[in-house]
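# Examination of the molecular architecture
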Amino acid sequence: MENEIQREKIGQKASFVAIFGNIFLTIFNFTVGIFSGSTALVAEGTHTLSDVITSVMAYFGFMIGMRPADEEHHYGHGRAEPIVGIIIVAFLGVVAFEILFEVYKKLMLGEALTPPDLIAAGMALIGIFVNYAMTNYLINAGKKINSPVLIADGRHQSVDIYSCAAILIGVIGSRLGFTFLDPLVAVFIAIMVLKTAYVVARDSVNALMGKVPDPTILRDIESAALSLKDVQGVHSVKINNMGPYASAELHIELDKNLRLEESHKISHRVEEEIINQVKPLKMVIVHTCPAEEECELD
């Protein structure tokens, strides 16, 4: 229970840092972008506005995922986090389209291309440092509490580091006479958004499909089970990944002469040992089999 409370506190704090940090960046990117005449910075403002929305989504996904199991959701609500990840992917696709459409109007419809003011370069520098700090904070917090939605939000945030660096180069290049660089940087931002959408989609789909989060977890489960002297063997280990946590099912081999009551107690001790030793696991189901005999339900 204490771990769950700590996990919730870390997750809430990380979400609030992302939300308010991106609100700050959105306001200044739009303001500086409009007054400096930087298409790329306005595009980045659109992107950071999407960051605000996706961070809010991530927060609600995290909070839903924290809900305990109930009569309708026997394995809890952990899959809410990768589901929100899929929603974030769809939103990122819309953002990329909007950025590319603005570039199309600039380059193909003959809108004037003027070099942005140097203040846009200053805003890009601020954006690099702020986004770098938020990216590291979100990803580290997500890994610490095993939260796919926070890690996805952090990866989304990391796009802004590269886009701000590209904006800086674009502004300087435009001031040197290469005015086409500013809208082209906006294209680069859109491509980075789409790349992030792909990574988030891949990880979210893998979580929803129950992909094993880490192959070493199978060995860790076997080691934890075999740490009890009564367990003579382990087989048919299966993992059901639910995003922030996972459940496991396995067969243990015991002395065939043990009484049913003793076998039952050992199986419960194995469950407790695995949950204590293997961090992502929240639920474990153990089947007992007589050693040196083939189990019928492998």
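In this text the structure is predicted, and so the values were computed from the model without any measurement. The residue numbers shown here count from 1 along each chain, following its written sequence. A pLDDT threshold of at least 70 governs which residues receive local features in this predicted model, and a stricter bar of 80 or more applies before side-chain atom pairs are shown or counted, although totals over entire chains, interfaces and linings include all residues. Values reported for side chains reflect all heavy atoms of the structure, with hydrogen atoms and water molecules removed beforehand.

Attention now moves to the domain arrangement of the protein chain. Splitting the protein chain by domain gives domain 1 (1–209) and domain 2 (215–290). When each unit is reduced to the centre of its C-alpha atoms, the spacing between domain 1 and domain 2 is 41 Å. Residue ranges labeled as domains rest on an automatic or database domain assignment.

Right, let's talk about the UniProt feature "transmembrane region" (unreviewed entry) in the protein chain for a bit. The UniProt record marks residues 16–35, 83–104, 119–139, 159–178 and 184–201 with the feature "transmembrane region" (unreviewed entry), using the residue numbering of this structure. The annotated region residues 16–35 carries 100% helix and 0% strand content, and the separation between its end C-alpha atoms amounts to 29 Å. Segments assigned H or I by DSSP are reported as helices when at least four residues long, segments assigned E as strands when at least two residues long, and all are numbered from the N terminus. The span residues 184–201 is 100% helix and 0% strand, and its two end C-alpha atoms sit 26 Å from each other. UniProt positions are given in the numbering used here, feature names are shortened, and annotations may be inferred rather than shown by experiment.

Residues Phe97, Phe101, Tyr104, Leu107, Met108, Ile172, Leu176, Phe178, Phe180 and Leu184 make up a contiguous nonpolar surface patch of roughly 1000 Å² in combined accessible area. For the nonpolar patch, the element with the highest residue contribution is helix α3 (residues 80–107), accounting for 4 residues. Tracing the chain through its elements places Phe180 in the loop between α5 (148–175) and α6 (181–208). Phe180 sits in the partly exposed class, given a relative accessible area of 40%. The residues that make up patches have over 30% relative accessible area and no salt bridge, and they are joined within 9 Å when like-charged or within 5 Å when they are Val, Leu, Ile, Met, Phe, Trp or Tyr. Calculation of accessible area relied on Shrake-Rupley with a 1.4 Å probe; when residues are assessed, cover is drawn exclusively from the protein chains displayed. For this document, the term salt bridge refers to a Lys or Arg side-chain nitrogen within 4 Å of an Asp or Glu carboxyl oxygen. Throughout, exposure labels follow a simple rule: accessible area from a 1.4 Å probe, protein chains only, divided by the maximum for the residue type, with under 20% read as buried, over 50% as exposed, and the rest as partly exposed.

Looking now at the sheet that holds strand β3 (residues 281–290). Sheets are built from strands paired through backbone hydrogen bonds, the pairs being either parallel or antiparallel. A pair of strands is labelled paired if DSSP reports no fewer than 2 bridges between them. The 3 strands lie next to each other as β1-β2-β3, forming an open sheet whose pairing is mixed. Each of the sheet's edge strands pairs with one partner strand only, and the pair in question is β1 (233–241) and β3. In this sheet, adjacent strand axes meet at a mean angle of 15° when their direction is disregarded. The pairing of β1 with strand β2 (residues 246–254) spans 7 bridges and is antiparallel. The residue of β2 that forms the bridge with Gly233 is Glu253. Taken strand by strand, helix α7 (residues 216–226) contacts β1, β2 and β3, and its axis lies near 135° from that of β1. Working convention: axes come from line fits to C-alpha atoms, limited for helices to the stretch in contact. Angles between N-to-C directions cover 0 to 180 degrees. Contact criterion: two residues are considered in contact whenever any of their non-hydrogen atoms come within 4.5 Å of each other.

Attention now goes to helix α4 (residues 119–144). Helix span, as expected, comes to 1.5 Å for every residue beyond the first. Counted at 1.5 Å a residue, the expected span for α4 with its 26 residues is 38 Å, and the 38 Å between its end C-alpha atoms agrees. At the C-terminal side of α4, Asn146 shows a positive phi close to 55°.

Extensive coverage of β2 is indicated by the burial of 7 of its 9 residues. Across 9 bridges, β2 lies against β3 in parallel orientation. Counted as the bridge partner of Glu253 is Cys289 from β3. Handedness of the crossover joining β2 and β3 through helix α8 (residues 260–277): right-handed. Here the term right-handed applies to a crossover when the path leading from its first strand over the helix to its second strand runs clockwise, the strands being oriented away from the viewer.

The subject of this paragraph is the side chain of Thr135. For Thr135, the location among the structural elements is in helix α4. Each polar contact in these results corresponds to two N or O atoms within 3.5 Å; when the atoms are within protein, one needs to be able to donate a hydrogen and the other to accept it, and residues that are neighboring in sequence are counted only if both atoms are side-chain atoms. A polar contact is formed between the side chain of Thr135 and the backbone nitrogen of Ser158, at a distance of 3.3 Å. Sequence-distant contacts of Thr135, defined by excluding residues within four places in its chain, comprise Gly154, Gln157, Ser158 and Ile161.

What follows concerns the environment of Ser174. Looking at the secondary structure, you find Ser174 in helix α5. Look at Ser174 and you get buried, because its relative accessible area is 1%. Along the sequence, Ser174 and Thr54 sit 120 residues apart, while their C-alpha atoms lie 31 Å from each other.

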